[in-house]
Amino acid sequence: MKRFLIQFFIFSFFLFLLDACHDDLPIVPDKTASFSAVTKSAGVLDDNLLLIQAAMQRVDSAVPFLDEFYRLYGTPLWEYAIPLGEEERDISYFVPVYDEKHPNIINTIWFFDIFEDTLRYRTFTRENEHIRANQQDFVFDELSYNIFGDE
């Protein structure tokens, strides 16, 4: 029940901020691409996450951005991605991002939303003014605790 409530609040929060997403791209499945170098094992990821990873690689090959993303935010922890309300036409995930400069703390979440054939994505950080104004930084603390434990 506690996990459901946390997911509900997180999902509600991201729906609130989703209207600010501007990075839309069409999705075309590509089974050959994956972020296996960044994940524990591509086998533990569901098909939607693999599809998201493939789409992000295609974007990176057209307009390189992943190296800069890793430098600014850290490494996406795909194996800890949390689905938010899966329906056939609207699938959302948030992926915690780990930065080695801040051990055992999640400061960034990479949010993905698939609606019909469009992938929308956005990065949220603990310092985001909407997150601070709405006192939603507990989400980052909860993720940090769930991933790293009480360290």
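Above this text is the structure in question.
Residues numbered from 1 in each chain as written. Predicted model: local features only at pLDDT ≥ 70, side-chain atom pairs only at ≥ 80, totals over all residues. Heavy atoms only, no water.

Under the defined criterion, the tally for this structure stands at four salt bridges. For D113, the salt bridge identified is with R120, shortest N-O distance 2.3 Å. R120 gets classed as partly exposed once you look at its relative accessible area, which sits at 23%. D141 is the partner of R126 in a salt bridge, and the nearest nitrogen-oxygen pair spans 2.7 Å. Taken together, the residues span a long stretch of sequence, with R126 in the loop between β6 (118-125) and α4 (129-133) and D141 in helix α5 (residues 138-148) at a distance of 15 residues. (Salt bridge = Lys/Arg side-chain N within 4 Å of Asp/Glu carboxyl O. Buried < 20%, exposed > 50% of the residue type's maximum accessible area, 1.4 Å probe, protein only. Helix = DSSP H or I, 4+ residues; strand = E, 2+ residues; numbered from the N terminus.)

Turning next to the pairing of strand β5 (residues 106-115). Most of β5 sits out of view: nine of its ten residues are buried. Looking at chain direction, strand β4 (residues 90-98) and β5 are connected through nine bridges and run antiparallel. Each bridged residue has a counterpart across the sheet, and for P96 the counterpart in β5 is I109. Bridge analysis of β5 against β6 gives eight bridges, and the strand direction is antiparallel. Bridge assignment links F111 to a residue of β6, and that residue is R122. Counted along the chain from β5 to the antiparallel partner β6, the turn is two residues long, and its residue E116 has a positive phi close to 55 degrees. (Pairing = 2+ DSSP bridges.)

Read these as geometric descriptors, not functional statements.
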